[in-house]
Every structure is written in structure tokens, then in C-alpha cells.
Amino acid sequence: MPEALSIPAADGYPLGGFLWRRPQAAGAPAPVAIINPATSVRCRYYARFAEYLHGHGWDVLTYDYRGIGESRRGSLRRFQADWIDWGEHDFEGVLRYAMQRFPGQDIDVVGHSVGGFVIGLAPSAHRVRRIFTMGAQYAYWRDYQAEKRRGMFLKWHLLMPLLARLLGHVPAKRLGWMEDTPKGVALDWARMTPRFEDSVRRGRFTATGQPQAPQLALNFRTIRAPILALGAEDDPYGTEAALDRLLRYYTASRRSHLRLAPQDVGLDAIGHFAFFHERFRDILWPYALEWLRHAALPEKPAGRLKIMPAGD
């Protein structure tokens with residue numbers, strides 16, 4: 001059974017999470033894997049995948065961003081949190097916790113959806129060894145799948161911000177969408193433009209008087225971990241354009257972008273969420289496992305692979 005944790009974010013906010021810890025053994029220490037959730041998806045959703053990595057040699061940390069699941073503290077009506085907090089403070093705090101509790105152990109990261117975006121916002125992310133992402137992007141609406149774009153725009157870019165402004169948060173669980181969502185997160189998602197730094201933290205400045213958002217974008221360039229970005233062709237969020245848009249920020253990393261159609265691996269559907277379902281343990285999970293082990297793909301991978309070299 002995993003151990004329940006309370007982890008301080010970089011600004012002190014208490015985050016709830018879970019740890020799968022391996023017994024101490026002689027020889028090289030086990031690596032640590034951190035799983036970054038999608039927007040307003042509870043970390044419990046990733047428990048089976050965490051157990052899988054744990055069974056293959058990792059200590060594993062899962063956690064919820066502030067305002068979500070194990071990290072929610074009461075009403076969200078006046079709760080202040082945005083996507084930047086989730087990366088700059090929450091993921092950063094979990095990274096620091098991992099470095100302090102597991103000194104000498106390599107740190108790998110799995111990022112689902114926005115979980116692949118918030119990696120680049122953490123000042124300590126340059127300490128990460130390898131990165132695997134699934135459907136990772138930051139929700140620029142023109143990148144959505146063409147046949148579903150209109151409905152997604154109405155839902156996420158008109159209705160969601162309207163609810164956030166009227167109610168002070170988004171009661172998404174009641175609507176059957178996802179977990180209830182802080183206002184700031186909803187507004188970041190809703191107003192996203194082609195370059196995220198043009199959309200977030202408007203009117204906010206660093207201690208030296210520089211606009212804050214462009215400085216956040218520079219942090220992505222400090223990360224040298226090789227990245228495998230997996231995208232499903234039937235994922236309306238994680239289109240090829242959406243994943244490429246995010247990957248272009250990680251300029252110091254060698255980035256492998258693998259596109260899988262469900263039929264490539266004998267499936268009817270994959271979509272945005274199903275990768276983490278246990279029924280795909282033997283079909284899809286080995287892609288993440290081999291990447292985190294060796295920064296390599298399984299022998300004879302299905303799908304279509306694109307490479308962005310470091311420095312490009």
C-alpha cells in the first residue's frame with residue numbers, strides 16, 4: 001500500500017499525495033518517478049500506473065495540485081491558484097521533496113496533459129533525468145482536433161470562464177467534467193494564445209521589474225532531460241500541432257514525438273485519458289517504461305516518430 005504524504009509546495013502550501021517506496025537494497029539506488037496529473041484530475045487516477053512503475057524498479061510519487069483532490073482545503077470560491085502556481089510552486093515543491101528525501105536517486109517525470117507543461121515552470125526541473133508525457137499541451141484552442149474544435153471552444157473557452165467569473169470557481173464535478181477547478185486555472189486555460197507567455201500572469205512583474213511570463217518561458221530552456229511525447233491520433237486535445245507547440249519550448253532537450261493511431265496497436269480508441277487505464281498495461285505502458293529506463297523506445301515501435309534535436 002502506498003504511504004499518504006503531506007508535501008510542502010515551494011511557497012509552503014500543503015500538498016497531499018502518495019508514495020510507493022521500494023525496500024532499501026545494496027547496489028545502485030532506485031530512481032524516483034513523479035507523476036504530474038492532467039488539469040483537475042485527481043492523483044488517485046494514476047495509482048495503477050504508479051504501481052506498475054513501482055513494480056519495475058522505481059520509487060513513485062503522486063500528488064494533487066493545490067485546490068484539487070488530496071490538496072483541496074475547503075471552498076474554492078475565493079481560492080487563488082493558476083496553472084503557473086501548479087508548476088512554479090507545486091511541482092517545484094514535490095521536486096525539492098524528492099531531492100531531499102531520496103538523495104542520490106535519479107528523478108524521472110511522467111506528465112499527463114498540462115502535467116507536461118508545468119514541468120517547464122519549476123526552477124529545479126533541470127535536475128530531472130528523463131521525461132515521458134502523454135497528450136501534453138497547454139490548450140490553445142486552434143490546436144484542438146478540427147471536427148471537435150467548435151464544441152470544445154464553446155465548453156472550455158466560453159462556458160468555463162463564464163462559470164469561473166460568476167461563481168468564483170468552476171463546479172466541474174457537479175457537471176460531470178472533472179474535479180472542481182480554481183478560477184485562475186480555468187481562466188488560464190480559457191484565454192490561452194499560441195505562446196503561453198502572452199496569456200498568463202498579465203500585469204505581474206519579477207522583483208527586478210521584468211514582466212513575469214517571459215521569464216517563466218526561459219526556464220524551459222534549462223531542462224536537458226530527453227523527452228518522449230506520446231500522442232494519440234484520436235485525442236482531441238493532444239493533436240500533433242498541440243504537442244509540437246509545447247515541445248518547442250524545451251529547446252535544450254532531445255525531443256521524440258511519437259504519434260499512435262489506435263489501430264497501430266490493435267485498439268479501437270485511446271483518446272486523451274485511456275493511456276493510464278490498466279487494460280493498456282501490456283500494450284501502451286511499455287512505451288513509458290522503456291523510455292524512463294533507457295531513453296529509448298521498445299523494439300519496432302508502432303506509429304510515426306518525429307525527432308526534435310536539442311538546440312533546435
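Since this is a predicted model, take the numbers as computed values, not measurements.

**Focus: the overall build of the protein**
In terms of regular secondary structure, the protein is built from eight helices and eleven strands. In terms of its C-alpha atoms, the protein occupies a principal-axis envelope of roughly 55 × 45 × 40 Å. When the 312 residues of the protein are sorted by exposure, 58% land in the buried category. Within the protein, residue pairs in contact and separated by at least 24 positions form 72% of the contacts whose partners lie at least 6 positions apart.

**Re the sheet that holds strand S11 (residues 304-308)**
Spatially, the nine strands line up as an open sheet ordered S1-S2-S4-S3-S5-S6-S9-S10-S11, and their pairing is mixed. Because the sheet does not close on itself, it has two edges, and the strands there are strand S1 (3-8) and S11. Within the sheet, the average angular offset between the axes of one strand and its neighbour, ignoring direction, is 20 degrees. Relative to S11, strand S10 (residues 255-260) runs antiparallel, the two sharing five bridges. Looking at the pairing, Leu 258 lines up with Leu 305 of S11. Contacts from helix H8 (residues 285-294) reach strand S5 (107-112), strand S6 (130-134), strand S9 (227-232) and S10, with the element oriented near 165 degrees to S6.

**Some details on the nonpolar core**
Ile 34, Leu 61, Trp 83, Phe 117, Trp 189 and Phe 196 are the most contacted members of the largest nonpolar core, which totals 69 residues. Tallying contributions element by element places helix H2 (residues 83-101) first for this core, with nine residues. Beyond its immediate chain neighbours, meaning those up to four positions away, Leu 61 contacts Leu 5, Ile 7, Phe 18, Leu 19, Val 32, Ala 33, Ile 34, Ile 35, Val 94, Tyr 97, Ala 98 and Phe 102. Ranked by size, the runner-up nonpolar core spans 37 residues in total, among them Leu 230, Leu 258, Leu 267 and Ala 274.

**A closer look at the pattern of salt bridges**
On inspection of all chains with the given rule, the structure shows 26 salt bridges. For Asp 11, the salt bridge identified is with Arg 66, shortest N-O distance 2.8 Å. Taken together, the positions of Asp 11 in the loop between S1 and strand S2 (14-20) and Arg 66 in the loop between strand S4 (59-63) and H2 put the pair 55 residues apart, joining distant regions of the chain. Since its relative accessible area comes to 42%, Asp 11 is described here as partly exposed. With relative accessibility at 5%, the residue Arg 66 sits in the buried group. With its nearest N and O atoms 3.7 Å apart, the salt bridge here joins Arg 48 to Glu 278. With Arg 48 in helix H1 (residues 47-55) and Glu 278 in the loop between S10 and H8, this residue pair connects regions lying 230 residues apart in the sequence.

**Focus: the packing of aromatic side chains**
Within a pair of aromatic rings, the relevant descriptors are the distance that separates the centres and the angle that separates the planes. Scanning the model with the defined rule gives 27 aromatic pairs in all. Taken together, a centroid distance of 5.5 Å and an interplanar angle of 90 degrees make the contact between Tyr 63 and Tyr 65 edge-to-face. Considered together, Tyr 63 and Tyr 65 belong to a single accessibility category, that of buried residues. Summarising the aromatic geometry, the rings of Phe 220 and Tyr 249 are spaced 5.4 Å apart at their centres and angled 50 degrees between planes, so their arrangement reads as tilted. Of this pair, Phe 220 sits in the loop between helix H6 (212-219) and S9 while Tyr 249 is found in the loop between helix H7 (240-247) and S10, placing the two residues 29 residues apart along the sequence. In this pair, the class of Phe 220 matches that of Tyr 249, namely buried. Pairwise contacts between aromatic rings join Trp 83, Phe 117, Tyr 138, Trp 156, Trp 177, Trp 189, Phe 196, Phe 220, Tyr 249 and Tyr 250 into one cluster.

**Details of the UniProt feature "domain: AB hydrolase-1" (unreviewed entry) in the protein**
Mapped onto the present numbering, the UniProt feature "domain: AB hydrolase-1" (unreviewed entry) falls at residues 46-154. With 35% helix and 15% strand, residues 46-154 has end C-alpha atoms that lie 29 Å from one another.

**As for the side chain of Asp 108**
Mapped onto the elements of the fold, Asp 108 is located in strand S5. Here Asp 108 falls in the buried class, since its relative accessible area comes to 0%. A polar atom in the side chain of Asp 108 sits 2.9 Å from the side chain of Trp 58. At 3.3 Å, the side chain of Asp 108 forms a polar contact with the backbone nitrogen of Arg 130.

Definitions and cut-offs
- Residues numbered from 1 in each chain as written.
- Predicted model: local features only at pLDDT ≥ 70, side-chain atom pairs only at ≥ 80, totals over all residues.
- Heavy atoms only, no water.
- Helix = DSSP H or I, 4+ residues; strand = E, 2+ residues; numbered from the N terminus.
- Buried < 20%, exposed > 50% of the residue type's maximum accessible area, 1.4 Å probe, protein only.
- Contact = heavy atoms within 4.5 Å.
- Pairing = 2+ DSSP bridges.
- Axes fitted to C-alpha atoms, helices over the stretch in contact; angles between N-to-C directions.
- Core = buried A, V, L, I, M, F, W, Y, C linked by side-chain atoms within 4.5 Å.
- Salt bridge = Lys/Arg side-chain N within 4 Å of Asp/Glu carboxyl O.
- Phe/Tyr/Trp six-rings, centres within 6.5 Å; stacked < 30°, edge-to-face > 60°.
- UniProt positions renumbered as here; feature names shortened; annotations may be inferred.
- Polar contact = N/O pair within 3.5 Å; in protein donor to acceptor, adjacent residues only side chain to side chain.

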